[in-house]
Every structure is written in structure tokens, then in C-alpha cells.
Number of protein chains: 2
Amino acid sequence: MQIGTAAEASGVSAKMIRHYEAIGLVTSGARRTNNYRDYDCRDVHELQFIRRARDLGFSLQEIKNLLDLWRDDTRQSTSVRELAARHLSDIERRMEDLRAIAGTLSRLVDSCEGDTRPDCPILDHLGRRAGKARRPIDVE
Amino acid sequence: MQIGTAAEASGVSAKMIRHYEAIGLVTSGARRTNNYRDYDCRDVHELQFIRRARDLGFSLQEIKNLLDLWRDDTRQSTSVRELAARHLSDIERRMEDLRAIAGTLSRLVDSCEGDTRPDCPILDHLGRRAGKARRPIDVE
DNA sequence: GTGCACCTTCCCATAATTGGAAGGTCAAGC
DNA sequence: GCTTGACCTTCCAATTATGGGAAGGTGCAC
């Protein structure tokens, strides 16, 4: 099948398939006489694997490692588990960062009247002079 | 003061200050006779504003808008509030995405033995054939 | 006057994806 | 046979925010 069909079947855009080939994530497969790339169902399967790993937020480098493990019948599941666990804790760290930001933002938004007047605790917070002397937010 | 001092005082690297100038986020200020950029405390204050907005995850475009509002004495606080609220809901959406990913990953990691054998529900999940016939995860 | 720390501009790299240009290929319909 | 449109090809560039580094100028201290 052509790249467009493989893209459709795998959920990976043709553009991305070519890119993954260029960076060596997937192997450069067969070409037809017209120089068109040719894919079979195993290629599509591999692209689906990539797609799902992307959906779980794995980086392309991590996916490369996952693919290597997937292809290796003698792999040890602990390798996969460690990779996934590292990724999970990375995600959890990012969630924690976002949680902190969301908390601050939420308090700021709540403390702002949001009317036609210029006074705004949000800008006060961003523009406060160094040193925590003033406390622009005090909504509890 | 020189750019290095302003960087130190504001928490924005000299590299980034030049970049922010290049993209018009901060105005191209005065230069000394030796062509060195010259900053005063108001410039540093503005950089601190940017720094704090960055810490809250605002994009440079959003910061540009925030700066414009900050400088405008006739602003309406509702404009700031709306901008911040939009950003907040964006953050919350990203958190939700991460939460979903973390949930799946967590179940997968838990379901994997993580030993020397090759069997791995994580790889099974990523490489499963389309259609939800098989259910590689069943840890409840 | 030599060295070191600072400054300048310019180019490049990252990560993942997309957009687009310029051109080749193929099948359908007239 | 020729056109049209939908494919495909490669290559270049933009995105976002930040950093690295080269090549060269400046200033101060010893």
C-alpha cells in the first residue's frame, strides 16, 4: 500500500511517517518502481505502536527504545517497566508543576474583580517588587 | 547597568533578554558609547514581570499582551482576568490530559511483572492489533 | 600590555509537527 | 490523446523557548 493508505490505517500522518523514516525510527522500506514507498500490514502495525506510544506521551527517543524492546524476543520485561516507570514519574512531576501553577492562577483569577476598572491583582502579582513584603493575594 | 547585571537582578538570562528585545517583547533601550546595552531599574522591573509570567506558564505572546495591559493605565481588569482565565483553563486541560495518560501508564506499569522474562503487558498494549477484542490490562 | 571578564552579532541546535513549493506518477473521463 | 485531480517525491522553512558557541570588540586590574 502507499504511504497515504498506511497513514490512514495507522493514524500517523504521511508527513510523520517520512520523518520517522528520516530519523531512523522506522526502517526505510521497499520502494515501487515509481519510487513510491510501499507498506505492508507489519509496517502499519509498527506505526500503530508508535502512534499509541506517542499518545501516552513517550518521546521519540523513548519510542525508539520501546520499539527495540518490542522487536527483541529476548527482552527482559523489567527494561520496559523501568522505561515506562521513568516516563510515568516524569508525567507526575509535570502534573505537579501544573498543579502549582493552576493553584496560583486560580487564586489570582478569583481575586480579580474583572470589571472596567484598571485595578488588577493579577498584574500586581506579576509586577510586584522583589521581596515578599506586600501580599497582593489574600483571598482565603 | 549592563545586561549581565540586569540578568542577575531579574532572573532572566542575558541571552533571553537579547532575544526578547529582538522579538519586540521589550523595547530596544539605550546603548552606551561602547554599544553595550544599558538598563535601569524600570527595565529590570519589567524583566521581573516577564520572568514571573513565564513561571506561571504564560506564552511569550500572552506575556506581550499582559505587558501591554500592565503599561496601560486605562486597561480594564476584565481583559487581564479573561487572559489569565483562558490560560488557566488551558493548564487545566493539559493536566487532564496528563491525568489520563498517568492513569493508563500507572495501570500498565502495575500490570507488568518487571522481571527477566520477555512477557510484557506494556508492549502488548502498545502493539495490540486494532479493535478492542483483547484486553491486555485487567488489574482491578 | 597582558589577561580576564564582559559585551556584541550571528549561526546553529533542540523536539515534534506542519506547511508549502516544485515536480513526478497514475488513473479516470472527455 | 489530453486534461484534471489526487496521489507521490524531495527539500526548505516555520513553529516555541531556550541555550551553545564562534569571532571579535571593550574595559579594568595587575
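Residues numbered from 1 in each chain as written. Chains lettered and ligands numbered in written order. Predicted model: local features only at pLDDT ≥ 70, side-chain atom pairs only at ≥ 80, totals over all residues. Heavy atoms only, no water.

Peer 1: I tried to follow the packing of helix 4 (residues 60–71) of chain B against helix 5 (residues 77–111) of chain B on my own but got confused; where do I start?
Peer 2: Relative placement of two packed helices is described by the angle separating their axes and the distance separating the axes. Residues and elements named next belong to chain B. Between helix 4 and helix 5, the least distance of the axes is 10 Å, while the angle of their chain directions is 160 degrees. When the axes of helix 4 and helix 5 are compared, the pair comes out roughly antiparallel. Our pair here, helix 4 against helix 5, has a crossing hand that is left-handed. Here E62, N65, L66 and L69 of helix 4 come into contact with helix 5, specifically with S79, V80, L83 and H87. Residues of the contact of helix 4 with helix 5, tallied by class, amount to 4 nonpolar, 3 polar and 1 charged. (Axes fitted to C-alpha atoms, helices over the stretch in contact; angles between N-to-C directions. Helix = DSSP H or I, 4+ residues; strand = E, 2+ residues; numbered from the N terminus. Parallel < 35°, antiparallel > 145°, perpendicular 65-115°, else oblique. Left-handed = near helix turned anticlockwise from the far one by under 90°. Contact = heavy atoms within 4.5 Å. Nonpolar A, V, L, I, M, F, W, Y, C, P; charged D, E, K, R; others polar.)

Peer 1: Is there a simple way to explain the relation of the copies chain B and chain A in this structure?
Peer 2: Both copies of the chain are related by a screw-like operation: a rotation about an axis and a shift along it. In screw terms, the move from chain B to chain A is a rotation of 180 degrees and a rise of 0.0 Å along the axis, fitting with an RMSD of 0.2 Å. The operation mapping one copy onto its partner corresponds to a two-fold rotation axis. Looking at the rotation axis and the C-alpha trace of chain B, the residue lying nearest is M95 of chain B, at 2.9 Å. When the interface residues of chain B are mapped onto chain A, 100% of them again lie at the interface, so the same face is used by both copies. (Least-squares fit on C-alpha atoms with pLDDT ≥ 70 in both.)

Peer 1: Help me understand the protein's contact with DNA strand C, please; the structure alone is not making it clear to me.
Peer 2: Contacts to DNA strand C come from 18 residues, most closely from K15, Y20 and Y36 of chain A together with G4 and R18 of chain B. Counting only the atoms of DNA strand C within 4 Å of the protein, the fraction contributed by sugar and phosphate is 67%. In the environment of DNA strand C, a phosphate oxygen lies 2.7 Å from a nitrogen or oxygen atom belonging to the side chain of Y20 of chain A. A distance of 3.4 Å separates a phosphate oxygen of DNA strand C from a polar atom in the backbone of I3 of chain B. Taken together, the elements giving at least two residues each to the surface near DNA strand C come down to helix 2 (14–22) of chain A together with helix 1 (3–10) of chain B. By residue number, the principal contributor to the surface near DNA strand C is helix 2 of chain A, which donates 4 residues. (Near = heavy atom within 4 Å. Polar contact = N/O pair within 3.5 Å; in protein donor to acceptor, adjacent residues only side chain to side chain.)

Peer 1: Any chance you could explain the packing of aromatic side chains here in plain terms?
Peer 2: Note on aromatic pairs: each is described by the distance of the centres and the angle between the planes. Residues and elements named next belong to chain A. Counted under the stated rule, the structure contains 2 aromatic pairs over all chains. Ring geometry for F49 against W70: centres 4.3 Å apart, planes inclined by 20 degrees, an arrangement best described as stacked. Of this pair, F49 sits in helix 3 (residues 41–55) while W70 is found in helix 4 (residues 60–71), placing the two residues 21 residues apart along the sequence. What makes F49 buried here is its relative accessible area of 0%. (Phe/Tyr/Trp six-rings, centres within 6.5 Å; stacked < 30°, edge-to-face > 60°. Buried < 20%, exposed > 50% of the residue type's maximum accessible area, 1.4 Å probe, protein only.)

Peer 1: Which parts of the structure should I look at to understand the protein's contact with DNA strand D?
Peer 2: Near DNA strand D you find 18 residues, and of these G4 and R18 of chain A together with K15, Y20 and Y36 of chain B are the closest. When the atoms of DNA strand D within 4 Å of the protein are sorted by group, sugar and phosphate make up 70%. Here a sugar or linking oxygen of DNA strand D and a side-chain polar atom of Q2 of chain A are 3.3 Å apart. Here R18 of chain A contributes a side-chain N or O atom positioned 2.7 Å from a phosphate oxygen of DNA strand D. Counting only elements with at least two residues in the surface near DNA strand D, the list comes to helix 1 (3–10) of chain A together with helix 2 (14–22) of chain B. The element best represented in the surface near DNA strand D is helix 2 of chain B, accounting for 4 residues. Classifying every residue of the surface near DNA strand D gives 6 nonpolar, 7 polar and 5 charged.

Peer 1: Please explain the interface of chain B and chain A as it appears in this structure.
Peer 2: How big an interface is tends to be stated in terms of the accessible area lost upon association of its parts. Facing 54 residues of chain B, the contacting portion of chain A comprises 54 residues. With both sides pooled, the region where chain B packs onto chain A buries about 4,800 Å², and carbon together with sulfur makes up 69% of that total. When the buried surface of chain B facing chain A is broken down by residue, R52, L123 and L126 of chain B rank first, second and third, together holding 15% of it. At the junction of chain B with chain A, the criterion picks out 0 salt bridges. At the boundary of chain B and chain A, one finds 21 residue pairs in polar contact (both at pLDDT 80 or more). Secondary structure elements with two or more residues in the side of chain B that touches chain A: helix 3 (41–55), helix 4, helix 5 and helix 6 (121–127) of chain B. Of all the elements, helix 5 of chain B adds the most residues to the side of chain B that touches chain A, at 21 residues. A class-by-class count of the residues in the side of chain B that touches chain A yields 27 nonpolar, 13 polar and 14 charged. (Buried area = accessible area lost by both parts, 1.4 Å probe. Salt bridge = Lys/Arg side-chain N within 4 Å of Asp/Glu carboxyl O.)

Keep in mind that these numbers describe shape and distance, not what the molecule does.
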